[in-house]
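Each chain, written out:
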Amino acid sequence: MNRWSRRAFIGAGTVAGGGFLLGVAGFTFAPGRHSLVSADAARRGQLTTWITISPDNFVTILIPHCEMGQGTQTALAMMTADELDADWPLVRAQEAPALDAYANGYIVRAAGGHYVPAILGRGVDYGAYKVAEWFGFQVTGGSTAVRGTGEYGMRVAGAAAKEMLVAAAARQWGVSASECAAKRSRVMHAASGRSATFGELARSAASERVPTSPALKNPDSFTIRRTSPRRLDIPSKVDGSAKYAIDFSTPGMLYAAIEIAPVYGGALLSVDTAPADAMPGVKKVVKLEEAVAVVADSFWRARRALAALKPEFSDAGHGSVSSESIFAAFDKVLGAPPDVPAHAAKVVTAEYRVPFLAHATMEPMVCTAKVDGDRAEVWTGVQDPLNARKTAAKALGIDAANVRLTNFVLGGGFGRRLPFTFDYVDLAVRVAKAMSPAPVKTIWTRENDIQHDYYRGAALSRHAGALDGSGMPIAAHSNYTGGGNGESVFMPYAIGDMKAHEKKADHPIRLGQWRSVLNSQHGFFKESFIDEMAHAAGRDPFEFRRALLGERPRFKAALEKAAAMSGWGAPLPSGEGRGIAICESFGTIAAEVVHVAISPEGRLRVLNVYAAVDCGDVVNLDSATAQVEGGIVFALSAALLSEITIAQGRIVQQNFRDYPMIHIADAPKVVTAFVRSDAPLGGLGEPCVPPLAPALANAVYAACGARVRELPIRNTPLKRA
Amino acid sequence: MATTITVNGAEHTLDLEPDMPLLWVLREALGLTGTKYGCGISACGACTVHLNGRAVHSCTLPLSAAAGQHVTTIEGLARAGSLHRVQQAWIAHQVPQCGYCQSGVIMAVAGLLAQRPAPTDDEIDAQLSNVCRCGTFVRMRAAIHDAASAAEGAAS
């Protein structure tokens, strides 16, 4: 924690009504960017801080991360409240507004700097690294909220607030602070039996000296963490009252439907607006550089009128691009399989390919904007409100300080709503500018969403491995396209000669971050290949991996746990099989065993998935478990069914009919175990995605002898041998 | 042309195109935003509401088809301030993540339980085709069985 105290400033003050507020601001990384919390800020009623305690004894915690169903806001509130020794039923959480003071990038950077995996040559993990590059943003991504903001920010704020409350009580009672203790939103002095609520102490606590290095709890004294309080956002999600960006409404609001150049980079060449102009409810046809929008008094009318138009777009010179041409280019740059040492007793080679993927969040992209002169208001759902505000400002040519942005609960994120992918905000504010000063809600259809995503990249990877005379691997080499980094290509195994080289083959398809980022491709490549090496060696795939993990106790423990949970090795009926895989990403190690059944006709059913996860420690057990389950199902849908293909430069798929998802009937039973370790907290939103596809492919091989080297699996015929 | 529909017990007369999907009538004309747009082609179930007690996809149901009928949305599922047993089970099992699909799922499950008070796993699989990108299916199934047994308990 010394690191933290050098890098940050903690300030406090009172708020109107006699409350107490406390915040942490990172001026070291961004001089002048963050308004320090001060009595002056409080006097102006400016809430630029994380904790407020009101006289009625409620603690409100402002969370600088968005909620997209991952339980982050509840988990961060728990981490703060635990250090504060607040009574959980008296704790409220609220998303911090899109103000610079709530930028969280510097905290994540602190986490990134702190967490350097012991494995040499790999650098910090990708999530923290990537998010740290976005320093100054209010981003939720890279599985960083709990391990970054929570560990290095919210805990410290909670502990500091407690020390101040205790100091205030001690001063009132004329006793030593060391004789007082906080428990369940009260400060008590055991010797005299006196006690006061946090609410009663809040006003005087605010004038106490702010500790810069408050003592943090030993994990053994956690009272709220490691339990499973119900998520704070769930009641509003069962009665329809939760408000998403698509639900926002404001007086005089108009609706826009939009058609964007089908080939990325293309421009609107011409459009005859007459057919739409004459239709009921239509206010205007708005022509943008790369799109045409119809603005009307209802979305359905806007959409119907848009369908009557026949806009022409240019193809930016990419009209001949197809999935085939992209994979042909991959093939060409990869060339022959990588070389392996000449003294190998046995050489194993394999080629794997994965497709482009869309995020397909259940809530499509939606943004409402009102532009009035050099000012704008924006209502949307993003994983980084501060950067979205900048996007809007840039599109309008105005100062970011003149843009007020309200963020809503997200109907799924998975990386689609991250910095640099705010095209929906950019387009919506330009549509609204054309209708100024009327507010306009631009709703993307599912077709817009599938066809104008920032896709998970397609990739091709060629592997060669060498076994010695005893069947132990001595080399594993790969050449891959589609991007990679130290974390994603890393294999934990004790193989003397491991190499992975990227070969670049550019294409014009727009790429973004998809849940677990590069690990989603490389997890499949490397954990399929190690399985192929195990079979080539005539060894059990679990035992083969285990024998290579002697130097990696965390990996070994997770692998063994998953295998034990699954009953690995116990006989299965004909046509059934188990597959195993293990990946580290975002500071978390996830081992998964998938159990499948394949009918004589080749119909695949995924029966069970067993996950053993080492993310250090767990904050909210139940919502952490939900992230494991959700990550597995998300990855399963992609592995079984999902594929974005390109023809004539365009995305072929349009909606859930041709970009299908699994349903409840296809969902396996998921059994989760957390393997506690003394490692720093790891992320949880993403790390259970990468091992699923290879564990599934490995299970298919075990069940029927068909080796899946291409995703989605539906492209491989599965006939039982 | 005016159309009269009853939504959550309240009658509304609306001067809208008869072919406007019920989804947009509910969301934009009546402000009932709990019912969600997901695909517009009856492929994901986020827009599920009850038409005379039966689950239907409102994104492809024209307003004219609901004329004179009773529509129930997620906002009207709770009765007398008490959550429907499916909603209660959803909280007990902490089913929702992003929550966007859940109004539709809850309406679909409530509709299923009205037809089949104690559905088997196979019946659930056959009847429930909602898409949930967060992957909450594992919990949904447990919650459905809980809600079904709560109903049985109430009936006996």
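Computed from a predicted model, the values in this text were never measured in an experiment.

Here's the deal with the confidence of the model for chain A
Residue and element names in this part refer to chain A.
Now for step 1: Here chain A averages 87 in pLDDT, while 86% of its residues score no lower than 70.
Now for step 2: Throughout residues 1-12 the model reports pLDDT below 50, and contacts reaching past four residues in sequence, or to other chains, amount to 38 contacts.
Now for step 3: The low-confidence segment residues 23-48 (pLDDT under 50) makes 67 contacts with residues lying over four places distant or belonging to another chain.

Considerations on the interface of chain B and chain A
Interface size is often expressed as the accessible area that is lost when the parts come together.
Now for step 1: With 46 residues of chain B at the interface, the matching set in chain A holds 45 residues.
Now for step 2: Contributing elements (two or more residues each) for the side of chain B that touches chain A: helix H1 (22-29), helix H2 (85-92), helix H3 (102-115), helix H4 (121-127) and helix H5 (137-155) of chain B.
Now for step 3: Here the side of chain B that touches chain A takes four residues from H5(B), the largest share from any one element.
Now for step 4: Taken together, the residues of the side of chain B that touches chain A sort by class into 26 nonpolar, 15 polar and five charged.

Brief notes about the pairing of strand E9 (residues 254-260) of chain A
Residues and elements named next belong to chain A.
Now for step 1: In terms of burial, E9 is a largely internal element, seven of the seven residues being buried.
Now for step 2: Both faces of E9 are covered, namely the face carrying Leu 254, Ala 256, Ile 258 and Ile 260 and the face carrying Tyr 255, Ala 257 and Glu 259.
Now for step 3: Inspection of the sheet shows E9 paired to strand E12 (residues 291-296) by six bridges, in the antiparallel sense. Residue pairing in the sheet places Ile 260 in a bridge with Ala 291 of E12.

Topic: the sheet that holds strand E21 (residues 497-502) of chain A
Residue and element names in this part refer to chain A.
Now for step 1: Strand order in the open sheet formed by four strands is E14-E19-E20-E21, and the pairing between neighbours is mixed. Two strands in the sheet have a free side with no partner beyond their single neighbour: strand E14 (346-354) and E21. On average, each strand axis in the sheet is inclined to that of its neighbour by 10°, with strand direction left out of account.
Now for step 2: As defined by bridge partners, strand E19 (residues 459-467) adjoins strand E20 (residues 473-480) across seven bridges and the pair is classed as antiparallel. Among the inter-strand pairings, Ala 466 is bridged to a residue of E20, identified as Ala 475.
Now for step 3: Relative to E19, helix H10 (residues 323-334) is tilted by about 35°, and along the sheet it contacts E14, E19 and E20.
Now for step 4: Those strands touched by helix H15 (residues 519-536) are E14, E19 and E20, and its axis lies near 150° from that of E14.

Observations regarding the pairing of strand E7 (residues 186-189) of chain A
Residues and elements named next belong to chain A.
Now for step 1: Sheet topology note: the strand E6 (residues 180-183)/E7 ladder contains four bridges and is antiparallel. Its bridge partner lying in E7, Ala 182 is registered against Val 187.
Now for step 2: The turn linking E6 back onto E7 is made up of two residues, and Arg 184 within it adopts a positive phi angle of 45°.
Now for step 3: Two elements, E7 and strand E8 (residues 194-197), share four bridges in a ladder whose sense is antiparallel. Considered in E8, the bridge of His 189 is made with Arg 194.

Regarding the sheet that holds E12(A)
Residues and elements named next belong to chain A.
Now for step 1: Pairing is mixed in the open sheet, where seven strands are placed in the order E11-E12-E9-E18-E15-E16-E17. Each edge of the open sheet is held by one strand with a lone partner, namely strand E11 (282-287) and strand E17 (403-407). Ignoring which end each strand starts from, the neighbouring axes of this sheet average 20° apart.
Now for step 2: Inspection of the sheet shows strand E16 (residues 375-380) paired to E17 by five bridges, in the parallel sense. Bridged to Glu 377 within E17 is Arg 404.
Now for step 3: Across the sheet, helix H11 (residues 385-396) touches strand E15 (366-372), E16 and E17, and the angle it forms with E17 is around 140°.
Now for step 4: Contacting E9, E11, E12, E15, E16 and strand E18 (440-443), helix H12 (residues 423-434) runs over the sheet at an angle of about 40° to E15.

Here is what the cut-offs are and how they apply
Residues numbered from 1 in each chain as written. Chains lettered and ligands numbered in written order. Predicted model: local features only at pLDDT ≥ 70, side-chain atom pairs only at ≥ 80, totals over all residues. pLDDT = per-residue confidence, 0-100. Contact = placed C-beta atoms within 7 Å. Helix = DSSP H or I, 4+ residues; strand = E, 2+ residues; numbered from the N terminus. Nonpolar A, V, L, I, M, F, W, Y, C, P; charged D, E, K, R; others polar. Buried ≥ 20, exposed ≤ 12 C-beta atoms within 10 Å, placed from the backbone. Pairing = 2+ DSSP bridges. Axes fitted to C-alpha atoms, helices over the stretch in contact; angles between N-to-C directions.

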